[in-house]
Amino acid sequence: MTANTDETFDESHVIENDSAVIDSDAAADSQDFITKQINQIHDEYQQGKAEGKPEETQPRIDFAPYRSSVLRHPTKDLHHADPETIELWSPAFGHRDVHALEADLTIQHNGEPLGERIVVRGKVLDGAGRPVRNQLVEIWQANAAGRYIHKRDQHPAPIDPNFTGVGRCLTGDDGSYEFTTIKPAPYPWKNHHNAWRPAHIHFSLFGTDFTQRMITQMYFPGDPLFSLDPIYQSITDQKARDRLVATYDHNVTSHEWATGYTWDIVLSGSNRTWMEDEDAE
Amino acid sequence: MTQNSTQLVATPGQTIGPFYGYALPYEKDSQLVHRAHAGSIRLHGVVYDGQGTPIPDALLEIWQADESGVISRETGSLVRDNHTFTGFGRVAVDNEGHYTFTTVNPGATQEGKAPFISLVVFARGLLNKLHTRIYLPEDTEALANDPLLSSLTQERRKTLVATREANGDLYFDIRLQGENETVFLSYPGA
């Protein structure tokens, strides 16, 4: 691939292929082969844990079954730094930035989007369990047919003219967020032959410190594609993987309107010295 | 301070993927100040993978103090009014991996401290966010005394110091892997 070639425009599907390192047949690797690779890494992790190595709570950034990670992960250990000045604060967001209606992805066009209407709600907390207040939460997702509104997504599934799949909100005083949207569908990608991503919603989050900035994905319970997906499985520990799976909650489900899910998000610990007013419950 | 002993485990990160296009980029996202602002500079560079190939689908965010070292508490990073300095910017790299912010030189937040811009990198293929810092090249004494830079070898610390271009702009490349791999940071409690 050369620098000025767009890698995806001319393809009929989503490309997830770094052809330079993985030989050009990589996208032809079978699911069985990828699954075997995933299982081998997980087995080694379990063995290491049994021998006293620490439990892993974050994805591996070097996870070869996810082909695109091969050339895009640092090879040196992250350097431990004491956060200073700007790192101990986050940008401030307010309703000037985000309108309350942006949390409803089903009302952005003239008609109703197709698919299963859902409500997703939860809390954003920091490592000490404190609510993360008035911070920006952004989401994006595929539609009910598994298609993103994006010029590079050429998956031949229908675009829904009434669904862009993009939403924002600010967390409340208790750290809560809520979105109304459509349940996204799984979609194929070109990591390997017959590769399909489990249905997911992308989440982008800010904490009280810029060091807590995070992007992740929320998954739906019971998805049969979990064990096959190298992105989800890049998290080697089952307990940690489970943290990305929302819970179906019939109390959030509303009569003749939407099914409901809850999903709480925990950011890493804050390093700030908390002022009294910020710490007040 | 009422901090209790509860320690919750952080939710795992995941890759940003390739299709954040209508969610994260927004109008004037990379313009912390208007181009006409006195003292405005361009901060730019290229994001490279382990083979030195530019990455066409990375997203970068910066967060910085203003020219006098003040950390902004202003809202309005998403809906820019061209006047308020919020300190936050976001940019998607172009098809050649190049990014450009319009911003100002950050001032030192304390006298004698080396000013820097905090940077977060997201990309397809990158399974979790990466933090780093962009230091200004000028104040050599402050740089020499900086605790983070001092803890690195000469070779590695170079990856955190931007280059000043003749017109006053800052140039800073990000290398996810390979020769001159950028120093990426982890913080306590993360």
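This is a predicted model, so every value here is computed, not measured. (Residues numbered from 1 in each chain as written. Chains lettered and ligands numbered in written order. Predicted model: local features only at pLDDT ≥ 70, side-chain atom pairs only at ≥ 80, totals over all residues. Heavy atoms only, no water.)

Student: Any chance you could break down the pairing of strand E11 (residues 259-262) of chain A for me, citing the residues and the numbers?
Tutor: All names here are of chain A. With four bridges connecting them, strand E2 (residues 117-125) and E11 associate as parallel partners. When the sheet's bridge partners are listed, Val119 is paired in E11 with Gly260. Relative to E11, strand E10 (residues 247-248) is paired through two bridges, and the arrangement is antiparallel. The residue bridging Thr247 from the neighbouring strand is Thr262, located in E11. (Pairing = 2+ DSSP bridges. Helix = DSSP H or I, 4+ residues; strand = E, 2+ residues; numbered from the N terminus.)

Student: With reference to specific residues and values, describe the UniProt feature "domain: Intradiol ring-cleavage dioxygenases" (unreviewed entry) in chain A.
Tutor: With numbering aligned to this structure, UniProt lists the feature "domain: Intradiol ring-cleavage dioxygenases" (unreviewed entry) at residues 120-148 of chain A. Strand forms 41% of residues 120-148 of chain A and helix 0%; the C-alpha atoms that close the span are 19 Å apart. (UniProt positions renumbered as here; feature names shortened; annotations may be inferred.)

Student: Help me get a handle on the nonpolar core, residues and values and all.
Tutor: Counting 41 residues, the largest nonpolar core has Tyr177, Phe179, Phe203 and Ile265 of chain A as its most contacted members. Going through the elements one at a time, helix H1 (31-50), E2, strand E3 (136-141), strand E5 (176-182), strand E8 (200-205) and strand E9 (214-219) of chain A are the ones with two or more residues in this core. Excluding residues within four positions of it along the chain, Ile265 of chain A makes contact with Lys123, Val124, Leu125, Tyr177, Phe203, Leu205 and Met214 of chain A together with Thr11 of chain B. Judged by nonpolar contacts, the second largest core, of 40 residues, contains Val166 and Phe210 of chain A together with Trp63 and Phe122 of chain B. (Core = buried A, V, L, I, M, F, W, Y, C linked by side-chain atoms within 4.5 Å. Buried < 20%, exposed > 50% of the residue type's maximum accessible area, 1.4 Å probe, protein only. Contact = heavy atoms within 4.5 Å.)

Student: Describe the sheet that holds E9 of chain A, listing the residues and the values that go with them.
Tutor: Backbone-to-backbone hydrogen bonds join strands into a sheet, with any given pair of strands oriented parallel or antiparallel. All names here are of chain A. On the basis of which strands lie adjacent, the open sheet formed by four strands has the order E4-E3-E8-E9 and antiparallel pairing. This sheet does not close on itself; its edge strands, each paired only once, are strand E4 (166-170) and E9. The mean angle between the axes of side-by-side strands here comes to 20°, regardless of whether they run parallel or antiparallel. Two elements, E8 and E9, share six bridges in a ladder whose sense is antiparallel. Bridging across to E9, Ser204 finds its partner in Ile215. (Axes fitted to C-alpha atoms, helices over the stretch in contact; angles between N-to-C directions.)

Student: Requested: an account of unusual backbone geometry, with residues and values cited.
Tutor: Even without being a glycine, Glu256 of chain A presents a positive backbone phi close to 55°. With respect to the element layout, Glu256 of chain A can be found in the loop between E10 and E11.

Student: Pulling in residues and values, what's your account of the interface of chain B and chain A?
Tutor: At the junction of the two partners, chain B supplies 81 residues and chain A supplies 93 residues. Both sides of the chain B and chain A interface together cover about 7,900 Å² of buried area, and 56% of this is carbon and sulfur. Broken down residue by residue, the surface that chain B buries against chain A is led by Gln14, Phe19 and Arg124 of chain B, which jointly contribute 11%. On inspection of chain B and its partner chain A, the count reaches seven salt bridges. Note that Arg72 of chain A is salt-bridged to Asp57 of chain B, the shortest N-O span being 3.0 Å. Linking chain B with chain A are 46 residue pairs in polar contact (both at pLDDT 80 or more), by the criterion used here. Counting residues per element, the ones that place at least two in the side of chain B that touches chain A are strand E2 (58-63), strand E3 (88-92), strand E5 (116-123), strand E6 (130-135) and strand E10 (185-186) of chain B. Among the elements that make up the side of chain B that touches chain A, the one with the highest residue count is E5 of chain B (five residues). Looking at the side of chain B that touches chain A residue by residue, the class counts come to 38 nonpolar, 28 polar and 15 charged. (Buried area = accessible area lost by both parts, 1.4 Å probe. Salt bridge = Lys/Arg side-chain N within 4 Å of Asp/Glu carboxyl O. Polar contact = N/O pair within 3.5 Å; in protein donor to acceptor, adjacent residues only side chain to side chain. Nonpolar A, V, L, I, M, F, W, Y, C, P; charged D, E, K, R; others polar.)

Student: Can you break down the packing of aromatic side chains residue by residue, with the values?
Tutor: Residues and elements named next belong to chain A. Summed over all chains, the structure comprises 18 aromatic pairs over all chains. For the pair Tyr177 and Phe203, a centre-to-centre distance of 5.6 Å together with 70° between the ring planes defines the contact as edge-to-face. Within this pair, whereas Tyr177 is found in strand E5, its partner Phe203 is found in strand E8, the two being separated by 26 residues in sequence. Judged by its relative accessible area of 3%, Tyr177 falls in the buried class. Residues Phe203 and Trp263 carry aromatic rings whose centres are separated by 4.9 Å and whose planes lie at 75° to one another, so their mutual orientation is edge-to-face. With Phe203 in strand E8 and Trp263 in the loop between E11 and strand E12 (265-266), this pair connects stretches of sequence that are 60 residues apart. We note Arg117 situated over the ring of Trp257; from NZ or CZ to the ring centre the distance is 3.5 Å. The cationic tip of Arg213 hangs over the ring face of Phe206; the distance from NZ or CZ to the ring centre is 4.0 Å. (Phe/Tyr/Trp six-rings, centres within 6.5 Å; stacked < 30°, edge-to-face > 60°. Lys NZ or Arg CZ within 6 Å of the ring centre and 35° of its normal.)

Student: Go over empty space enclosed by the protein with me, naming the residues and quoting the values.
Tutor: If you walk through the whole model with that rule in mind, you get three cavities of 30 Å³ or more. If you add up the space inside the second largest cavity, you get close to 80 Å³. Contributing to the lining of the second largest cavity are Glu84, Thr85 and Ile86 of chain A together with Ala65, Gly107, Ala108, Thr109, Lys113, Ala114, Pro115 and Phe116 of chain B. Considered class by class, the residues forming the lining of the second largest cavity number six nonpolar, three polar and two charged. (1 Å grid on protein atoms, 1.4 Å probe; cavity = no way out; pocket = protein on both sides within 12 Å on 5 of 7 lines; lining within 4 Å. Points joined across faces, edges and corners; volume = space filled by probe spheres on them.)

Student: A description of the environment of Leu114 of chain A should follow, citing residues and the corresponding values.
Tutor: Residues and elements named next belong to chain A. Tracing the backbone through its elements, the reader meets Leu114 in the loop between strand E1 (79-80) and E2. Linking Leu114 and Arg152, residues 38 residues apart in sequence, is a C-alpha distance of 22 Å. Setting aside anything within four residues of it in sequence, one finds Leu114 in contact with Ala144, Asp160 and Ile182.

Student: Give a description of the environment of Gln64 of chain B that names residues and reports values.
Tutor: Mapped onto the elements of the fold, Gln64 of chain B is located in the loop between E2 and E3. Each C-alpha atom of the pair Gln64 of chain B and Phe116 of chain B lies 7.3 Å from the other, and the pair is 52 residues apart in sequence. Sequence-distant contacts of Gln64 of chain B, defined by excluding residues within four places in its chain, comprise Ile86 of chain A together with Leu32, Phe85, Gly87, Thr103, Val104, Asn105, Pro106 and Ile117 of chain B. Polar side-chain contacts of Gln64 of chain B include one of 3.0 Å to the backbone oxygen of Val104 of chain B.

Student: Tell me about the pattern of salt bridges, and name the residues and values.
Tutor: All names here are of chain A. By the definition in use, this model includes 22 salt bridges over all chains. A salt bridge links Arg67 to Asp29; its shortest N-O distance comes to 2.5 Å. Taken together, the residues span a long stretch of sequence, with Arg67 in the loop between H1 and E1 and Asp29 in the segment before H1 at a distance of 38 residues. Among the ionic pairs, Glu55 bridges to Lys239, the shortest N-O distance being 3.3 Å. Of this pair, Glu55 sits in the loop between H1 and E1 while Lys239 sits in helix H2 (residues 238-242); the two residues are 184 residues apart in sequence, bridging distant segments of the chain. The class for Glu55 is partly exposed, based on a relative accessible area of 37%.

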